[in-house]
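What the coordinates show
Each chain is listed here by its residues.
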Amino acid sequence: MWAPMGRGRWHGCALTVWATAAAHRGILEPRPMPTRGAAAKSRSQDRLYSSADRKEKIDMSRFSVENIRNFSIIAHVDHGKSTLADRLLELTGTIDKTKNNKQVLDKLQVERERGITVKAQTASLFYNYEGKQYLLNLIDTPGHVDFSYEVSRSLSACQGVLLVVDANEGIQAQTVANFFLAFEAQLSVIPVINKIDLKNADPERVEKQIEKVFDIPTDECIKISAKLGTNVERVLQAVIERIPPPKVHRKNPLKALVFDSTFDQYRGVIANVALFDGVVSKGDKIVSAHTKKIYEVNEVGVLNPNEQPTHKLYAGQVGYLIAGMKDVTEAQIGDTLYLHKQPVEPLPGFKSAKPMVFAGMYPIDQSEYNNLKSAVEKLTINDSSVTVHRDSSLALGAGWRLGFLGLLHMEVFNQRLEQEYNASVILTTPTVPYKAVLSSAKLIKARRAVQKNMVYIDQNRVMLKYLFPLNEIVVDFYDSLKSLSSGYASFDYEDAGYQTAELVKMDILLNGNLVEELVTIVHKDKAHSVGKAICERLKDSLPRQLFEIAIQAAIGSKIIARETVKAYRKNVLAKCYGGDITRKMKLLKRQAEGKKKLRKIGNIEVPKDAFIKVLRTQPDNDGRRNRSNVTGI
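Residues numbered from 1 in each chain as written. Predicted model: local features only at pLDDT ≥ 70, side-chain atom pairs only at ≥ 80, totals over all residues. Heavy atoms only, no water.

In the annotation of an unreviewed UniProt entry, the entry for the protein reads GUF1 homolog, GTPase, and the organism field reads Ursus maritimus. Quoted verbatim from the Function (unreviewed entry) heading of the UniProt record, the comment on the protein is "Promotes mitochondrial protein synthesis. May act as a fidelity factor of the translation reaction, by catalyzing a one-codon backward translocation of tRNAs on improperly translocated ribosomes. Binds to mitochondrial ribosomes in a GTP-dependent manner." Looking at the protein in UniProt, the text filed under Subcellular location (unreviewed entry) is "Mitochondrion inner membrane". (UniProt positions renumbered as here; feature names shortened; annotations may be inferred.)

Given below as C-alpha cells:
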C-alpha cells in the first residue's frame, strides 16, 4: 500500500454531515404561495427541475439518520464526474430526463465555457431501495489540481466517495491524489470505471491498476457508461450498501458548521450549513462562534439543487441559512453557529488553503477601486482558498496581492470577476514565494531536479516523482506536458518546503524606465534565456510608436538581453525630386531630432493582457524543459 502523499493537512472536520433534500411523492406537505424573491429565480434553471419540486415543501423531520448517505464523486479531470452526476439526478427523479441535461450541477458560466468543474456543488437524491426511502446527498467535486481545496472540504462532509476512473485513460495523477485524501479521512471508497462504451476502453486493465495502486479488489469495481446510463443504477445500490450513515445527535443543542457561502445583494450572506446536532428553524436566534454576534434566522432551506425553503433543518441534514448577515466578513468558512444562550464547543472547521501562485491585481481606473474591492470580497466568500493582502504600485496605484492554488485558479478567478461583477482588472505577473538570506554568494549552491521515485503501474503506464522548483510549473508546465505527451500524461504537485538556490532579480526596462509589474526572480543559469524570451514577447505585444522603444532585461546594472520596437517612419524626402543633398540631410536631421524628443517625453503603455502573455515560459528548442516538484503519470 502506498503511503499518503501529505495532503491530509488540508482536511477540515472529518465528520461534517452533508444532507440536502429533494421533493418526492408521499413525503411532502402542501407548499404556500411562492414569495416574490422565489419567483425571481432564473427561469432557465427552473426548467431543469420537475414541477413537483417547486409546488410542494418537504417535511424534513421524516428523514431518519439511518436512511441518509453522504458521498462525493472524485476523479481526475475529464473522467466523467459531472456526466455521472447528471445520470444519478435523472434516475432518482430529481430532474426531468431531457437531452439538455449536461453539466447540470455546473452552475457557473466559467464552468460551462471551459467544460470543467471549479466549484463543488451538492444535490439531494431520493431513492427507494428494498422498500425503504433513502436520502442520498451527492457532492460533485472539481478534478483539476488547482481546485483540490474544494475536494478536501467536500470530503470532510461525507462518509464515502465514488472514485471514478476513465476506462481508456486509466489511473492519472489526480486519481491518486484524491484517493489518498479520501483514504486519510477514513472514508469508504467505491471504485467506478466509466466510459466502457469507448472503442479503446480496457476496463480489465484499469481494474488491475486499481488493485495494484489502491489495494482494492477487482470485484469491488463497478463498470458503467455514464453517457449512455449503462449500469448506473448499481452505483446507487452500492452507495446504500457500502457507505455508512452519518453520526449525529438531534436531541442535543444546535451545532452547525458553515462550509460554504455566497452573497446576494438583496438578502445578504447565504450560508451553507451542515448540522451536527439539534434543530434550526425560522425565527431562531443564533450566535456566530467567530464574531460572537447574534442573528435572527430569516429563512432556512435545502439545496435541491436550487434553493427550496423548509420549516426546519435537523441534525444530519445540510442546507442554507439566511440570517441578515450584510457584511461579507461575517460569514467565515468553518465557523460554528449555535442557539442564543445555548453555547456549544466550536467545531474544528477547515485549515486554510496554502497558496502556490501570487499575482498583483489592480483596477484599470483608480476611481473603480472601491467597486473592485467589494467584488473581490464577495467573490472570496464563495472561493475561500484565495488569500488577499493590500498592495500598491507606483505605476498602477492601490491594489491587492492575491494568492492562488495555481495558474488556472488565477485565470478562473479573474474570469469570474468579469462575468459575475463586470469588473475589469490588471493582473501582474504570477510569482511564487521565496525566502532570501543575505549572505556571501559563495555559501549559496543551486539545486536542480531530483528524481524521488519511479513506479510502473502496468506495462503502459509509469508514475514519476520529482523534487524541483515550484517556479518551473506554475505558468504553463501543464499545457506543455499535455502537448509533449499528446494528452496522455498528467501531473499533481504539492508543497515541499524551501531550499537554497542561486537566484537573481531581473528587471525589465522600457527606454530605460523600470516596469515594476514585470520584475521577476529567476535562476542565475536561466536568466539570459528567460530575459531574451520576455523581451521578444514584449516586442510582439507593444504597439509601435512614433519613436523607437528599447526593451531591455537587466540584472543590476548589467543588460543581459535587448529587443527594439522600430518607430513608424514618415518619408520626409517624398517631396524632394532632386536638388542639393544638403536639403535632404537637413530634413532627415530634423526628423531625427523630433523623434529623439518624443522618446524623452512619450509615454509607453503596456497592454493589460501582456503581463501574463510575455511571462509564459516556453519549451527549449529541443522540446525539453526543466522538471519540477510533481507526481506525474
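From this point, things continue past the structure.
**With respect to the pairing of strand 24 (residues 461-467)**
Two strands pair when backbone bridges link them, and strand 23 (residues 450-458) and strand 24 are joined in this way by seven bridges, in the antiparallel orientation. Along strand 24, the bridge assignment pairs Gln 451 with Tyr 466. The turn linking strand 23 back onto strand 24 is made up of two residues. (Pairing = 2+ DSSP bridges. Helix = DSSP H or I, 4+ residues; strand = E, 2+ residues; numbered from the N terminus.)

**Thoughts on a positive patch on the surface**
Positive charge collects at one region of the surface, where Lys 575, Arg 583, Lys 586 and Arg 590 lie side by side. Structurally, the position occupied by Lys 575 is in the loop between strand 30 (558-565) and helix 14 (581-601). Since its relative accessible area comes to 58%, Lys 575 is described here as exposed. (Patch = residues over 30% accessible without salt bridge, like charges linked within 9 Å, V, L, I, M, F, W, Y side chains within 5 Å. Areas by Shrake-Rupley, 256 points an atom, 1.4 Å probe, with all protein chains shown as cover. Salt bridge = Lys/Arg side-chain N within 4 Å of Asp/Glu carboxyl O. Lys, Arg positive; Asp, Glu negative; His and termini not counted. Charge placed at Lys NZ, Arg CZ, Asp CG, Glu CD. Buried < 20%, exposed > 50% of the residue type's maximum accessible area, 1.4 Å probe, protein only.)

**A word on the pairing of strand 19 (residues 357-363)**
Two faces make up the sheet, and in a regular strand the side chains alternate between them. Within strand 19, seven of the seven residues are buried, which leaves the element mostly enclosed by the surrounding structure. Taking every second residue as pointing to the same face, both faces of strand 19 are buried, with Val 357, Ala 359, Met 361 and Pro 363 on one and Phe 358, Gly 360 and Tyr 362 on the other. In terms of strand pairing, strand 19 meets strand 21 (residues 397-404) through five bridges, oriented antiparallel. Its bridge partner being in strand 21, Gly 360 is matched across the sheet by Arg 401.

**Here we look at the sheet that holds strand 19**
The strand order 20-21-19-22 describes an open sheet built from four strands, whose pairing is antiparallel. The outermost strands of the open sheet, each flanked by one partner alone, are strand 20 (387-393) and strand 22 (425-427). Ignoring strand direction, the axes of neighbouring strands in this sheet form an average angle of 30 degrees. As paired strands, strand 19 and strand 22 are joined by three bridges and run antiparallel to one another. When the bridges of strand 22 are listed, Pro 363 appears paired with Val 425. Seen against the sheet, helix 10 (residues 369-382) touches strand 19, strand 20, strand 21 and strand 22 and runs at an angle of roughly 15 degrees to strand 21. (Axes fitted to C-alpha atoms, helices over the stretch in contact; angles between N-to-C directions. Contact = heavy atoms within 4.5 Å.)

**Re the sheet that holds strand 4 (residues 121-129)**
Strand order across the open sheet formed by six strands is 4-5-3-6-7-8, with mixed pairing between neighbours. Where the open sheet ends on each side, the last strands, each with one partner, are strand 4 and strand 8 (222-223). The sheet contact formed by strand 3 (residues 68-75) and strand 5 (residues 132-140) spans six bridges and is parallel. Note that in strand 5 the partner of Ile 73 across the bridge is Asp 140. Relative to the sheet, helix 7 (residues 173-184) contacts strand 3, strand 6 (160-166) and strand 7 (188-194), its axis offset from that of strand 3 by approximately 150 degrees. Those strands touched by helix 9 (residues 232-242) are strand 3, strand 4, strand 5, strand 6, strand 7 and strand 8, and its axis lies near 90 degrees from that of strand 4.

**Some remarks on unusual backbone geometry**
One can expect most non-glycine residues to show negative phi and most peptide bonds to be in trans. Its identity is not glycine, yet Glu 130 carries a phi of approximately 55 degrees, on the positive side. Turning to its location among the elements, Glu 130 is positioned in the loop between strand 4 and strand 5. Residue classification places Glu 130 among the exposed residues on the basis of a relative accessible area of 68%. Although it is not a glycine, Asn 422 sits at a positive phi angle of roughly 55 degrees. Note that Asn 422 resides in the loop between helix 11 (407-421) and strand 22. Asn 422 sits in the exposed class, given a relative accessible area of 71%.

**As for the pattern of salt bridges**
This model, assessed by the stated rule, comprises 15 salt bridges. When the shortest N-O distance is used, the salt bridge between Arg 87 and Glu 90 registers 3.1 Å. Here Arg 87 pairs with Glu 90, and both are found in helix 4 (residues 81-91), just three residues apart, close to one helical turn. By relative accessible area, which is 12% here, Glu 90 ends up buried. Residues Glu 296 and Lys 285 are paired through a salt bridge, measuring 4.0 Å at the closest nitrogen-oxygen approach. Of this pair, Glu 296 sits in strand 13 (residues 294-296) while Lys 285 sits in strand 12 (residues 285-288), placing them 11 residues apart in sequence.

**Structural notes on helix 4**
The buried fraction of helix 4 is high, at nine of 11 residues. Among the structural elements, strand 3, strand 4, strand 5, strand 6 and helix 9 are those in contact with the buried residues of helix 4. In the stretch just after helix 4, Gly 93 is the one whose phi turns positive, near 75 degrees.

**Concerning the nonpolar core**
If you look at the biggest cluster of nonpolar residues, it comprises 31 residues, and the most contacted ones within it are Phe 71, Ile 73, Leu 84, Leu 88, Leu 136 and Leu 162. Of all elements in the fold, only strand 3, helix 4, strand 4, strand 5, strand 6, strand 7 and helix 9 reach the threshold of two or more residues within this core. Of all the elements, helix 9 adds the most residues to this core, at six residues. Dropping the residues within four chain positions of it, Phe 71 is found in contact with Leu 88, Leu 136, Asn 137, Leu 138, Ile 139, Cys 158, Gly 160, Leu 162, Val 239 and Ile 243. Grouped together as the second largest cluster of nonpolar side chains are 28 residues, Ile 58, Val 258, Val 302 and Leu 339 included. (Core = buried A, V, L, I, M, F, W, Y, C linked by side-chain atoms within 4.5 Å.)

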